[in-house]
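Structural overview
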Amino acid sequence: MKMLLGALLLMSTTSLFALDLVDQVQIGDNDDLDDFVLDIAPHRVPRQVKNILTKETRPHIQELSINTTILSRYSFTAVRCIMLNRHAATAEGLFRFHVPAGAFVTNFTMIVGGHVYQSRVVPRERRKGKQAGDKAQKSGDASREKDVEMFRMAANIPGRNCAVFLLAYEELLQRRLGRYEHVTSLQPLQLVSRLSVDVTIVDHSPVTHLEVLPLRGPNSPRTPAKPEPPVTTTIQREKNVCKVTFSPNIVQQAKITTNGILGDFIVRFDVQRDMGVGDLQVLNGHFVHYFAPKDLPVVPKNVVFVIDTSASMLGTKMRQTKDALLTILRDLRAVDRFNFISFSNKIKVWKTSHLVPVTPLNIRDAKKFIYTLVPTGGTNIDGAVQTGSALLRDYLSGPEANPNSVSLIVFLTDGRPTVGEFQSTAILGNTRSAVQEKFCIFTIGIGNNVDYKLLERMSLENCGMTRQIHEEAHTSAILKGFYKEIGTPLLSDIRINYTEDSVEYVTQHLFANYFNGSELVVAGKLSNQSARSLHVQVTASNDDKTVVLEADVPQRSQQLETEMHVKAAAVAKSPGLTQGWGDTLGGMGADFVERVWGFLSIKEGLRSRLQSRTSREREEHVQRATTLSMKYHFLTPLTNMLVDKPEVLADGTVAPAPTITPDADNELPGHGEEGQLQREDDRQSSTRSNDLAGKVVRRPAKKSVTISKTSADGDPHFVVDFPLSNLAVCFNINGEPGDVLRLVSDHKFSGVTVNGKLISAPPPPGSRKHLRTYFSTITIVADQPRRAYIEVTPNKVILDGRDRLVLPCRSSVSVDSGAISVAIMAESNVTVGIGGNISFVILLHRYKNPAPYQKDHLGFYIQNSTGLSRGCHGLLGQFLYEEVGLAEEDPADRDGKLLKVGGRSVLAVRKKRRIYGGAQSVDCWFARNNGAKLIDGEYQDYVVLHMFDTGEWPHGTNTE
């Protein structure tokens, strides 16, 4: 255990919160492992709870603790999960945790069998072509306004032992409606012996408001009637420090729910803020500036509501949208101007050609228009945006427009474009041309069928914000809340400047609008740290005048104040909490202003890459954001997180973690399992297939794969090994592109069938061949004990067993579906096992910079055939139980000999074949003419109808 502590002490500060795991990592000598560790007396546990615990077959979560310190609105969160495997056999423990979408994961560590497995961040492998442009954004892009992302990691836990999972993430909290909100999602999916949430708020400004909301579940209202804190919640509050704890015991959890989905634990707070240029903090050569003025007159706004009334809005969506719009009408101010547009196949404008003032008569007529909205038809997004933009643009150019007003479009849809313009790039270009930088577009997407990336880019490119409403969420409440955020503009055209030549690498400092209850945050580096003060100037427009705020902020006093602030946070966090966390906060906190700058710079880079007009501009943003992600160890959409996978040996012990070499950070993500976040809102039928693609890397110990010579590889070359005869036979199949070849056919007995599909490639220069063919796809069907299949391409593996999974070939992963097991060695090979006595290996042949005659393709090798019957057939399967005889040289061909296989004789000549991707050569006897007389029948007999055809040979006796 001392060695374990020593190893932990050598880790980066992001993992020092693991230091209190003494006596909890190794518990193999405990005789009471069959009992759950409870934090209450056993006799007080109700029988129902005991029944739930005893029926649990998964490793039990003994402890789940979430510790958060919010340091000047920048949060550091450390999650610790201890899982106990109470059974004698090794079992898989799945750690899953909902991470806020706006956060970046900074560390993941596992402790299994006394060995520490530390994560590292590497650049993500780029996707080629324009496919990255229009498809839905991959999980992990935290620039999107979602609630949470799912972090998953599975590890085998030895029998009667436990595993510790440690996760850390950071987030800059956003101020909305005058409050900061910190959310901790509690969904362990089982009752937990020791559950605790600890939130510590430390700010150099006094905390003026603090509340803990009731647990918010998937179906609970966002604003409950009685906002009482959850049971067991305690609040300690001082001037600048607040502590909130929530620690329900196992019985109290069961009273809330027995399925382990407790909901979101929400802490809301705000701090005192002074009039003037805002709050500036300086530390170690960096600064962060919070600007949130108050008590300003409201700026008039011109707003056009563009509402989707297509057929998919029928029912709850339309009803709740109407309810929200009626509430929004009541919140419009007398100085505002407004109009409504509904769109489906047709576009209807409530008051054509102008915006109307807020009068009782206009409000009454608007309500009538809202009541008459009836969902029908398709979705003309481009036409609706063009109509709304023209309406607002014409008004702004007219005599009635207030030059100091704020103009915006609120655009709501639940679908993708089905009428008019379909292409996202064209819609975005048309929108930019229509807006002309004269107003902002705020977009809202409802449900799971929205082209969210289109809405996101539309708002980003036009100074707005976007929000997505989940299918099961309360649409009306979220719409009202979103409008409240943007319904009270106080400033427009805000520019924040600092002393010239004193700062560099400043994040966004020009803002279109400032809304009441929000906050503008700017961070940067100090290029002149010796200067006594930093001059800050804020200019903006407010109603009918220009606002100018200026101040000289002493650098030295701000540095000392921020240092005291960090020390106070470390002291406040240490008593009675996770040992070592105070040290962690001290290390991280010393750089917290710099980390805020890095955090904001990465977010800005992610936004800018979406707005880039040229590939060069996009590449510059991507490169800078990637460099910063690596520097601060952030898991972002541009990086992957790698962690070694624990290997449980036959004796139940865990093999030591592989040593990470100094240059390990240069390893490509394809060498391990790709690490990202899985969005919880992607839970449709296709979602499950993306599950494993969204895991943190589980990097297996590198093992050599033993592969037989019996194979079909190359273009394609077939090799059959006859070890008893001490020779090999080979032949080519010159098929047609699109042909599906039967390689192994044992459907009637073992239930196994293997088919391969051919693609074509042009010949290399100087080649005598006119066309070459390769295997592009291989499918393996297993019909016993139940039907399952696996489909392999050079890029991905589709496994359909208990669930349908899509696994990327660039990542290493092992999955057992029950009927079929698959192990992917990244960018190298795929091993498929069936029933323990049948296994195949599929080699992945991929080219980094392919020539025109090079095509990504596959090679198929039979590794273990003992489970296949003697009745097995197919181009390769027919030879598994055959013997080959070699006769004297054929008199007509000096170099040839007669081979005798299955009662057939065929002339063969000596050849060399390169196998295993060219790594080895094999001497073989080659049969010409598509293996005529060597194979049973003719080549065409092995061409089947489709990839999942399991009919027995000869073709025509299909048993399906």
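Given the structure is predicted, the values throughout are model-derived calculations rather than measurements.

Observations concerning the overall build of the protein
From N to C terminus, the protein includes 15 helices and 51 strands. Considering only contacts in the protein between residues 6 or more positions apart, those separated by 24 or more positions represent 69%. About 40200 Å² of surface is accessible on the protein, with carbon and sulfur atoms providing 49% of the total.

Structural notes on the pattern of salt bridges
If you walk through the whole model with that rule in mind, you get 28 salt bridges. Among the ionic pairs, aspartate 270 bridges to arginine 273, the shortest N-O distance being 3.0 Å. Since its relative accessible area comes to 14%, arginine 273 is described here as buried. A salt bridge links arginine 616 to glutamate 620, with the shortest nitrogen-to-oxygen separation between them at 3.8 Å. You can see arginine 616 and its partner glutamate 620 sitting in helix H14 (residues 615-631), four residues apart, about one turn around the helix. Taking the relative accessible area as the measure of exposure, arginine 616 reaches 65% and is therefore exposed. One connected set of salt bridges, linked through shared partners, spans Arg73, Arg175, Asp203, Asp270, Arg273, Asp279 and Glu519.

Regarding the state of the cysteines
Inspection of the entire model under this criterion finds two disulfides. The residue that forms a disulfide with cysteine 440 is cysteine 463, at a sulfur-sulfur distance of 1.9 Å. Taking the sign of the S-S torsion, about -105 degrees here, the bridge from cysteine 440 to cysteine 463 comes out left-handed. Residue cysteine 440 is found in strand S23 (residues 440-446), and its partner cysteine 463 is found in the loop between helix H9 (452-460) and strand S24 (466-469); the two are separated by 23 residues along the sequence. Note on cysteine connectivity: cysteine 730 is disulfide-linked to cysteine 924, with sulfurs 2.1 Å apart. When the S-S torsion is 75 degrees, as for the bridge of cysteine 730 with cysteine 924, the disulfide is right-handed. One end of the pair, cysteine 730, is in strand S35 (residues 727-732); the other, cysteine 924, is in strand S50 (residues 920-927), and 194 residues separate them in sequence. This pair shows no difference in class: cysteine 730 is buried, exactly as cysteine 924 is.

Concerning the side chain of aspartate 713
Here aspartate 713 is to be found in strand S33 (residues 711-713). For the buried aspartate 713, which has no salt bridge, the nearest side chain bearing the opposite charge is arginine 914, at an N-O separation of 10 Å. Excluding anything up to four places from it in sequence, aspartate 713 contacts Leu843, His845, His857, Leu858, Gly859, Tyr861, Tyr916 and Gly917.

Some thoughts on the confidence of the model for the protein
When pLDDT is averaged along the protein, the result is 80, and 81% of the positions lie at 70 or above. By mean pLDDT, helix H3 (residues 131-134) is the weakest element of the protein at 33, and strand S19 (residues 337-343) is the strongest at 95. Contacts for the low-pLDDT stretch residues 1-43, under 50 throughout, to residues beyond four places or in other chains number 97 contacts.

Comments concerning the packing of aromatic side chains
By the definition in use, this model includes 32 aromatic pairs. Ring geometry for phenylalanine 338 against phenylalanine 340: centres 6.1 Å apart, planes inclined by 85 degrees, an arrangement best described as edge-to-face. Phenylalanine 338 sits in the buried class, given a relative accessible area of 0%. Given the relative accessible area of 2%, phenylalanine 340 is considered buried. Here tyrosine 789 and phenylalanine 948 contribute two aromatic rings whose centre-to-centre distance is 4.8 Å and whose plane-to-plane angle is 75 degrees, an arrangement assigned as edge-to-face. One end of the pair, tyrosine 789, is in strand S39 (residues 788-792); the other, phenylalanine 948, is in the segment after strand S51 (943-944), and 159 residues separate them in sequence. Every member of this aromatic cluster is reached through a ring pair, and the members are Tyr74, Phe76, Phe104, Phe599, Tyr632 and Phe634. One Lys or Arg, arginine 73, reaches over the ring of tyrosine 290 and ends 4.3 Å from the middle of that ring. The ring of phenylalanine 926 has lysine 911 lying over it, and the distance from NZ or CZ to the ring centre is 4.6 Å.

Focus: the environment of serine 342
Mapping serine 342 onto the fold places it in strand S19. Among the residues examined, serine 342 registers a relative accessible area of 4% and is labelled buried. For the pair serine 342 and isoleucine 307, spaced 35 residues apart in sequence, the C-alpha to C-alpha distance is 4.8 Å. With sequence-adjacent residues up to four places away left out, serine 342 is seen in contact with Ile307, Thr309, Ile347, Lys348, Phe369 and Leu373.

A closer look at the packing of helix H13 (residues 592-611) against H14
Two elements in contact, H13 and H14, have axes whose closest approach is 9 Å; the angle formed by their N-to-C orientations is 150 degrees. Here H14 runs roughly antiparallel to H13, going by the angle between their axes. Between H13 and H14 the crossing geometry is left-handed. Together, Glu594, Trp597, Ser601, Ile602, Gly605, Ser608 and Arg609 of H13 and Arg618, His621, Val622, Arg624, Ala625, Leu628, Ser629 and Lys631 of H14 make up the contact between the two elements. Looking at the contact of H13 with H14 residue by residue, the class counts come to five nonpolar, five polar and five charged.

Side note on the sheet that holds strand S15 (residues 263-271)
Ordered by their spatial adjacency, four strands build an open sheet running S9-S10-S15-S12, and the pairing between neighbours is antiparallel. Only two strands of the sheet have a single partner each, and these edge strands are strand S9 (175-176) and strand S12 (207-212). The sheet contact formed by S12 and S15 spans five bridges and is antiparallel. Residue pairing across strands places leucine 210 opposite phenylalanine 269, the latter belonging to S15.

Things to note about the side chain of histidine 182
Inspection of the secondary structure puts histidine 182 in strand S10 (residues 179-186). Not counting the four nearest positions on each side in its chain, histidine 182 is found in contact with Thr68, Ile70, Ser75, Thr77, Leu173, Val199, Phe265, Ile266 and Val267.

Quick look at the nonpolar core
With 58 residues, the main nonpolar core has Phe718, Ile780 and Phe860 as its most contacted residues. With near-sequence residues (within four places) excluded, phenylalanine 860 lies in contact with Thr710, Ser711, Ala712, Leu743, Val744, Val754, Ile778, Phe840, Val841, Ile842 and Leu876. Of all hydrophobic cores here, the second largest spans 50 residues; its members include Leu64, Phe97, Val192 and Val207.

Parameters and conventions
- Residues numbered from 1 in each chain as written.
- Predicted model: local features only at pLDDT ≥ 70, side-chain atom pairs only at ≥ 80, totals over all residues.
- Heavy atoms only, no water.
- Helix = DSSP H or I, 4+ residues; strand = E, 2+ residues; numbered from the N terminus.
- Contact = heavy atoms within 4.5 Å.
- Areas by Shrake-Rupley, 256 points an atom, 1.4 Å probe, with all protein chains shown as cover.
- Salt bridge = Lys/Arg side-chain N within 4 Å of Asp/Glu carboxyl O.
- Buried < 20%, exposed > 50% of the residue type's maximum accessible area, 1.4 Å probe, protein only.
- Disulfide = S-S within 2.5 Å.
- Lys, Arg positive; Asp, Glu negative; His and termini not counted.
- pLDDT = per-residue confidence, 0-100.
- Phe/Tyr/Trp six-rings, centres within 6.5 Å; stacked < 30°, edge-to-face > 60°.
- Lys NZ or Arg CZ within 6 Å of the ring centre and 35° of its normal.
- Axes fitted to C-alpha atoms, helices over the stretch in contact; angles between N-to-C directions.
- Parallel < 35°, antiparallel > 145°, perpendicular 65-115°, else oblique.
- Left-handed = near helix turned anticlockwise from the far one by under 90°.
- Nonpolar A, V, L, I, M, F, W, Y, C, P; charged D, E, K, R; others polar.
- Pairing = 2+ DSSP bridges.
- Core = buried A, V, L, I, M, F, W, Y, C linked by side-chain atoms within 4.5 Å.

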